[in-house]
2 protein chains.
Amino acid sequence: MNIPANNPSLKSWLEVAPASDFPIQNIPFGVFSVEEDDLVIGTRIGDFAISLTALNDLGFFKDIDFDDNVLYDETLNAFISEGKEVWRAIRNRISEIFEANNPKLRDDAKSRELTIFNVNEVNVELPVFIGDYTDFYSSREHATNVGMMFRDPANALLPNWLHLPVGYHGRSSTIVPSGVPVNRPLGQSLPKGETQPVFGPSKRVDFELETAFITADANVMGDRVSVDDAESHMFGMVLLNDWSARDIQAWEYVPLGPFLAKNFGSSISCWVVTMDALEPFRCASPSQEDPKPLPYLQQKGDHSFDINLEVIIQPEDKEGKTVCKSNFKYMYWTMAQQLAHHTVNGCLVSSGDLMGSGTISGPTKDSFGSMLELSWGGQNPIEMPDGSTRTFIEDYDTVIMKGYCEKDGVRIGFGDVSSQLLPAVPLDN
Amino acid sequence: MNIPANNPSLKSWLEVAPASDFPIQNIPFGVFSVEEDDLVIGTRIGDFAISLTALNDLGFFKDIDFDDNVLYDETLNAFISEGKEVWRAIRNRISEIFEANNPKLRDDAKSRELTIFNVNEVNVELPVFIGDYTDFYSSREHATNVGMMFRDPANALLPNWLHLPVGYHGRSSTIVPSGVPVNRPLGQSLPKGETQPVFGPSKRVDFELETAFITADANVMGDRVSVDDAESHMFGMVLLNDWSARDIQAWEYVPLGPFLAKNFGSSISCWVVTMDALEPFRCASPSQEDPKPLPYLQQKGDHSFDINLEVIIQPEDKEGKTVCKSNFKYMYWTMAQQLAHHTVNGCLVSSGDLMGSGTISGPTKDSFGSMLELSWGGQNPIEMPDGSTRTFIEDYDTVIMKGYCEKDGVRIGFGDVSSQLLPAVPLDN
């Protein structure tokens, strides 16, 4: 596949720091506002937020066949509904506009002023209105680790796990953009050895290192998406911190799954990295020969992506620590399999739906994607640079997740998803 | 509480059949379209759909203090956001307009023509945009029955069940209005005694008899709704058929809960019966003394509603049969407890969110709210009038649910939620 915007030799006339997640080869999509102005559709190069709304006003997209009203919305949903050819054409055009040798915008100070903003001076918001949010559970290592701790070490993986990408519905209303703090939840839990639950602030607030893909309009209700066609309905990816309260979860989750343990907040990174930008980093996923999945889930070729992931716990006013280094390529079930499975019963998937990967744990102890696994249920505290320890997340800690791909001297990153845990709000408040 | 529109002696100048669900004391809210015209906000009296948009154009609400733009939307969400005082004022005003002795609209043929339509000549659609859908599991009889069949008859009720209203997130995208058919889903299931799953059309498609309440903007993220305040954030109720594929469910539901077994379709009735209209039917719910719930769930007074419920299986071109008669008052956990629990961790609940009750089963065998229970896992087939039997729902059967309250000669009903099960769509389609 030849995607001009992916050319590793491209340089931009905008300054891009060498370690930036956002070289001209990335060109993610997002929405932002400048001061008190309305939200605009945008992209990012280096530390510059660029208004696509303004570029459209200036006529830069006028020969591209699409409904340009979608660039005046406050979310990407309508733009995503225009389809993959349009996303690709717009991204390739943005690449041309900012390519080092293109003078048109570069040498037009007045147009630049309408279009380009310092990213630190804008408010970057949720990129899409999320109609429905699904979270999968597709890391074999994570499911095994959790099964060992919560259930039976000898039969850690449940019988269905290798046959289907287990998933469940999450709550859309509390998905927040990077930067928004989350409060420690109150809830019920069952103290060890007790039979009566207690109520209070969760004592085991955890992160879950995940990615998520954002879908296009994939089907109509009753119809389905084949595994071979699934990737064409994916717009792009973000990082996801699926905040979890382990003590609440352990008590509430049978038989209908996690509920209040999850829906107090989920944080995502705000710049959606397109599947086109990730294409050079396509790679194999783990073998699925034993057992082979049912035919509707069988895939040939490479359908994972080599995305380096990292989690940092940053206490307030103290030195932080990287507690996990993982990689998306460890995931057993691919995103295409997740989407094919999700729709095989006719379930409707629409533009802006969010599909979380599930916690991404790798094979080594430093690649586990949650404190539950890293501290092994609280048994092995992690030492912080100041000498304090963590089994779970403490009040005022900020959890920062980073993700990037790297190849041929090009680094395509997601920016951070960063959010601080604030203390529980007392019940009488 | 004195709600003028609830006066049992009121009569309307519109004709209302004696057994109608929609006397002048009901005045539910919904949305409908006439032929190809835009959707309008409406109410229903007898077999007449009434445009509130048109009534507003004619000045009937002009002295009520609210943003009347909300009556020009295509869903009730913005109207609901106006708050309980506004819903009440509008409902009371509608009652005045249609009261037998009020000549203003009654004697104005031209205005009547703009306002009043035969309900059979309009398209009634989903009343709200459902941002998030939660389904609870609050019938003790249902949870016990399912626990006996799926898990352990000796310990049917799981340890958490009497301490919290168990709930989980559902899928909003496939909630459809009454009248829209649903296809039998394809999916994986594990045949009895086997270790490898098979793929194909579900063989155990079931209904679940539920009600649901539609919320107002209840809180901001991080904040919570107390159990005493919860009812003021409920707009009204509808009937819900939570279609379920039992064979898919049994295989997929551990450990994260039902997913594809539920999200192929959920059907709701379209006229939202307000909590004000239900007020005369308030009644006690089952005692919660053993165990007493934790303080944040404790309530005094009556917080259930005496709503008669009924399920009919209607084969195509054949006589139908009532297979279940139940009542909402059997539910162990109240709607106020559900909403207080849902938000106790700070989860955001907004205008138009839908909260399902869970299957409503009563104490007797003919009051069980699903075929799973009525046929006891398929062991006791139900005989139909034509001599055929049902353990689960057959292709082309229509499932019809009805609900109504009755007191002092006034019947307040929900209309039907009716939907036909169509055959599975083959995979290569």
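Structure: above.
Because the structure is predicted, anything quoted here is derived from the model rather than measured.

Participant: Go over the interface of chain A and chain B, please, and point to the residues and values.
Facilitator: Accessible area lost when the parts come together is the quantity often used to give the size of an interface. With 64 residues of chain A at the contact, the number on the chain B side is 64 residues. Of the roughly 5800 Å² buried where chain A meets chain B, counting both sides, 63% is carbon and sulfur surface. Along the contact surface separating chain A from chain B lie 4 salt bridges. Two residues, Asp132 of chain B and Arg171 of chain A, come together in a salt bridge whose shortest N-O distance is 3.7 Å. Joining chain A to chain B, the criterion identifies 33 residue pairs in polar contact (both at pLDDT 80 or more). Every element with two or more residues in the side of chain A that touches chain B is listed here: strand S6 (133–136), strand S7 (167–169), strand S9 (182–183), strand S10 (186–189), strand S11 (198–201), helix H7 (246–252) and helix H9 (335–343) of chain A. Here the side of chain A that touches chain B takes 3 residues from S7 of chain A, the largest share from any one element. Here the side of chain A that touches chain B is composed, by residue class, of 35 nonpolar, 22 polar and 7 charged.

Participant: Run through the environment of Phe207 of chain A, naming residues and quoting values.
Facilitator: All names here are of chain A. In this structure, Phe207 sits in the loop between strand S12 (205–206) and strand S13 (209–215). Taking relative accessible area as the criterion, Phe207 reaches 0% and is therefore assigned buried. Along the chain, Phe207 and Ala245 lie 38 residues apart, while their C-alpha atoms are 8.7 Å from each other.

Participant: An account of the packing of aromatic side chains is requested, with residue identities and associated values reported.
Facilitator: Tallied over the entire structure, the rule returns 27 aromatic pairs over all chains. Between Trp87 of chain A and Phe235 of chain A, the ring centres sit 5.0 Å apart and the planes meet at 85 degrees, which makes this aromatic pair edge-to-face. In this pair, Trp87 of chain A is assigned in helix H3 (residues 84–98) and Phe235 of chain A in strand S14 (residues 234–241), connecting sequence segments 148 residues apart. Judged by its relative accessible area of 5%, Trp87 of chain A falls in the buried class. Among the aromatic residues, those joined into a cluster by ring pairs are Phe29, Phe79, Trp87 and Phe235 of chain A. A cation sits over an aromatic face here: Lys104 of chain B above Phe60 of chain B, 4.8 Å from the ring centre. Of note, Arg411 of chain B hangs over the ring of Tyr404 of chain B, and the distance from its end group to the ring centre comes to 3.9 Å.

Participant: I'd like a rundown of helix H3 (residues 84–98) of chain B, residues and numbers included.
Facilitator: Residues and elements named next belong to chain B. With 15 residues, H3 extends 21 Å from end C-alpha to end C-alpha; this agrees with the ideal 21 Å at 1.5 Å per step. For H3, the buried fraction is high: 11 of the 15 residues fall into the buried class. By the burial criterion, the buried members of H3 are Val86, Trp87, Arg88, Ile90, Arg91, Asn92, Arg93, Ile94, Ser95, Ile97 and Phe98.

Parameters and conventions
- Residues numbered from 1 in each chain as written.
- Chains lettered and ligands numbered in written order.
- Predicted model: local features only at pLDDT ≥ 70, side-chain atom pairs only at ≥ 80, totals over all residues.
- Heavy atoms only, no water.
- Contact = heavy atoms within 4.5 Å.
- Buried area = accessible area lost by both parts, 1.4 Å probe.
- Salt bridge = Lys/Arg side-chain N within 4 Å of Asp/Glu carboxyl O.
- Polar contact = N/O pair within 3.5 Å; in protein donor to acceptor, adjacent residues only side chain to side chain.
- Helix = DSSP H or I, 4+ residues; strand = E, 2+ residues; numbered from the N terminus.
- Nonpolar A, V, L, I, M, F, W, Y, C, P; charged D, E, K, R; others polar.
- Buried < 20%, exposed > 50% of the residue type's maximum accessible area, 1.4 Å probe, protein only.
- Phe/Tyr/Trp six-rings, centres within 6.5 Å; stacked < 30°, edge-to-face > 60°.
- Lys NZ or Arg CZ within 6 Å of the ring centre and 35° of its normal.
- Expected span 1.5 Å × (residues − 1).

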